[in-house]
Amino acid sequence: MADDITADVIIVGSGISGAIMATKLAEAGVRVAILEAGAKVDRATGVQTYWAALSKVPECPYPPVPQAMHPVSDNLDFWYEQDGPDKFASTYIKVVGGTTWHWLGTCLRLVPNDFRLKSLYGQGVDWPIAYADIETFYGDAEHEIGVSGDSSVDLGAPRTTAYPMPEIPQSYLDLGYFNALSGTVYEVRSTPQGRNSVGRDNRPACCGNASCIPICPIQAKYDATVHVDRAVAAGAVLHEQTTAVFVEAGDDRFVKRVRFKRWDGSEGTAAGKVFVIAAHAIETPRLLLSSTSEATPKGVANSSDQVGRNLMDHPTQLSWALANDALYPYRGPLSTSGIENLRDGDFRKERGAFRIEIGNDGWSWPTGAPITTAQDLAKQGLRGDALNNALRYQAARHIRLASLVEQPPDPENRIVPDPDRKDVYGVGVPKITYRLDDYTRAGFAASVKAHDEIFAKLGTTGVMHSPDAQGAGHIIGTARMGDDPRTSVVDRDLKSHDHPNLFILGSTVFPTSATANPTLTIAALALRAVASVQAMVRG
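Below: a short report on this structure.

Calculation notes
- Here the residue index of a chain counts from 1 through its sequence in written order.
- Reporting of local features is limited, given that this is a predicted model, to residues whose pLDDT is at least 70; pairs of side-chain atoms are given and counted only at 80 or more, and all residues count toward the totals for whole chains, interfaces and linings.
- Side-chain descriptors were evaluated using all non-hydrogen atoms of the structure, hydrogens and water having been removed beforehand.
- Working definition: rings of Phe, Tyr and Trp (its six-membered ring) pair if their centres are within 6.5 Å, and the pair is stacked with planes under 30 degrees apart, edge-to-face with planes over 60 apart, and tilted otherwise.
- Numbering of helices and strands runs from the N terminus; a helix is a DSSP stretch of H or I covering at least four residues, while a strand is a stretch of E covering at least two.
- Per-residue accessibility, obtained with a 1.4 Å probe over protein chains only, is compared with the maximum for each type, and a residue is labelled buried under 20%, exposed over 50%, and partly exposed between these values.
- In this analysis, two residues are considered to be in contact whenever any of their non-hydrogen atoms come within 4.5 Å of each other.
- Axis lines are fitted through C-alpha atoms, for helices just across the contact stretch, and the angle between N-to-C directions can take any value from 0 to 180 degrees.
- Each angle is binned into one of four classes, with values under 35 degrees roughly parallel, values over 145 roughly antiparallel, values of 65 to 115 roughly perpendicular, and all other values oblique.
- Amino acid classes used here: Ala, Val, Leu, Ile, Met, Phe, Trp, Tyr, Cys and Pro are nonpolar; Asp, Glu, Lys and Arg are charged; the rest, including Gly, are polar.
- For two strands to be treated as a pair, DSSP must find no fewer than two bridges joining them.
- Helices are assigned an expected span. That span is 1.5 Å times one less than the residue count.
- Each salt bridge in this description consists of a side-chain nitrogen of Lys or Arg and a carboxyl oxygen of Asp or Glu lying within 4 Å of one another.

Digging into the packing of aromatic side chains
For any pair of aromatic rings, the description consists of the separation of the ring centres together with the inter-plane angle of the planes. Going through the model one piece at a time under the given rule, you end up with nine aromatic pairs. Residues Tyr 80 and Tyr 92 carry aromatic rings whose centres are separated by 6.4 Å and whose planes lie at 45° to one another, so their mutual orientation is tilted. In this pair, Tyr 80 sits in the loop between α2 (43-52) and β4 (81-85) while Tyr 92 sits in the loop between β4 and α3 (117-121), placing the two residues 12 residues apart along the sequence. When sorted by exposure, Tyr 80 lands in the same class as Tyr 92, which is buried. Ring plane angle 65° and centroid distance 5.0 Å describe the contact between Phe 115 and Trp 127, whose orientation is recorded as edge-to-face. Pair noted here: Phe 115 is in the loop between β4 and α3 and Trp 127 is in the loop between α3 and α4 (131-145), with a separation of 12 residues, a long-range link. By the burial criterion, Phe 115 is buried, and Trp 127 matches it. An aromatic cluster of three or more residues is present, and its members are Phe 115, Trp 127, Tyr 131, Tyr 138 and Phe 510.

Below is the structure:
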């Protein structure tokens, strides 16, 4: 039996962009309905699931179910239909609050030149907005999320407001890097983070549980349920376990309704004045491209043929080594410092830029240490005190770096619904065509050189560089913003060029990837779009 939904604004997705939009609209008196494919997460259950998991990948507290399938890091063919030539390695989850459940928490702004990659460096495209157009919204986003940071350092992005909380203290390991790299080109700085350094917003300060990925057990780290709860308290209605499967547009170009199917087998439609798709950069184009009709033969919002194209990540160079001195990793947030002064320069004419994340998590990412370290030492015949002493010695010296490399847009890097392999609702699973281009690979080569220089300054042995690009978990592009409807999907206000009452949120609208972790920019763009959505509701 149909169970139809009516509201002023229908929002598909309850991740950070959809949840922030829902909050702001509901608090302004707008009737809002949120459709979320996944279910609510019980934090305590999620922590227990993580502890019990043999493979502690980012998705392990949130196992996929047939009604809400998502990719998993240890089997990239599980949900994605990978069409190569390279594997797309970043993932997401479908739960209330979205992928912010297992994000690291890094809250960096883009730098001003990131918005002018084409005009300055002849690469990619320019954004239709400038840094000045979003700067105040960055400040608003930092306050909405609750970012802890050092307000005296702009990290290449000038700011007019202070962070709402002081920075998370840098670790002893960070200070080891800082001292070793003093006077070099590598400037170690505290990383602004979406986690409390002091009690705020009825959430405690970070106490260093060291499980930010995949789950913060005390919610010191922000996740989008903060805004989902605020939105519901203000009158928004959350429909969990409700998957949008088709967007209906009329001959007048206006979107009329969204069809949905629920976990219990029921289905219906959601009708409103305005529709906001905030379903992530894989699920958003998958939904839009599946919505073909006489009015939208190429899919919704796709007259430009750009929906699903220009898929990007921050392909990551992972390197690790054994420090000469004990630096004591495996404590605190997984990263509290980074090297951010390599993110811009004339070199971007020739290669991708990168930022360097300094890990507090030892070798857990590349090797599964310290558990695997104990196994390796035991295989060498060590037992008792000898094993314990060797484990202590090695684990105290495990260090790793991760460089997040800029990847330019390529229309051939894309996601489409697979025509043959369907989910339980009859929608094609994500079929991904993806390759790393020479510009990105040149960025990788430069990052390896930087890692070698940094490790040499620290004094290390056994330096290892992963031969494969890692996924950063940053799924970018596929419905980009731009001023020209022929080459973009949404305008500078995130409104569809094709459909006057349809908006698209999230990193899916980014024209280029730059190097900053995308979440803060996602939030800032959502806040900037609120006024346009409200104006459309008022009509």
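A few points about the side chain of Ser 290
As for its placement among the helices and strands, Ser 290 is situated in helix α7 (residues 280-290). Those residues in contact with Ser 290 that lie beyond four places of it in its chain are Phe 246, Pro 417 and Val 427.

What to know about the packing of helix α5 (residues 172-181) against helix α11 (residues 438-458)
Interaxial distance between α5 and α11 falls to 9 Å at its minimum, and their mutual angle equals 95°. When the interaxial angle is binned, α5 and α11 end up roughly perpendicular. Here α5 contributes Tyr 177, Ala 180 and Leu 181 to the contact with α11, which in turn contributes Ile 454, Phe 455, Lys 457 and Leu 458. Among the residues forming the contact of α5 with α11, the class breakdown is six nonpolar, no polar and one charged.

Considering the sheet that holds strand β1 (residues 5-6)
Sheets are built from strands paired through backbone hydrogen bonds, the pairs being either parallel or antiparallel. Spatial strand order, β1-β9-β8-β7: four strands in an open sheet with mixed pairing. The open sheet has two edge strands, β1 and β7 (242-249), and neither has a second partner. One ladder, built from five bridges, connects strand β8 (residues 255-262) with strand β9 (residues 267-271); its direction is antiparallel. Each bridged residue has a counterpart across the sheet, and for Lys 261 the counterpart in β9 is Glu 267.

Re α11
The first and last C-alpha atoms of α11 sit 30 Å apart over 21 residues, in line with the 30 Å expected at 1.5 Å per residue. Listing the buried residues of α11 in full gives Tyr 439, Thr 440, Gly 443, Phe 444, Ala 446, Ser 447, Ala 450, His 451, Ile 454, Phe 455 and Leu 458. Backbone geometry just downstream of α11 places Gly 459 in the positive-phi region, at approximately 80°.

Observations regarding the environment of Asp 376
Inspection of the secondary structure puts Asp 376 in helix α9 (residues 371-379). In this structure the C-alpha to C-alpha distance between Asp 376 and Phe 254, which are 122 residues apart in sequence, comes to 61 Å.

Section: the pattern of salt bridges
Per the counting criterion, the structure on display carries 32 salt bridges. Between Asp 86 and Arg 441 there is a salt bridge, and its shortest N-O distance comes to 3.4 Å. You can see Asp 86 sitting in the loop between β4 and α3 and its partner Arg 441 sitting in helix α11, a full 355 residues away along the chain. For Asp 86, a relative accessible area of 21% puts it in the partly exposed group. Notably, a salt bridge pairs Glu 283 with Arg 286, separated by 2.7 Å at the nearest N-O pair.

What to know about the pairing of strand β14 (residues 398-405)
Most of β14 sits inside the fold, with eight of its eight residues counted as buried. Here β14 shows two buried faces, one formed by His 398, Arg 400, Ala 402 and Leu 404 and the other by Ile 399, Leu 401, Ser 403 and Val 405. Note: strand β11 (residues 316-323) against β14, seven bridges, orientation antiparallel. Bridge pairing in β14 places Trp 320 opposite Arg 400.

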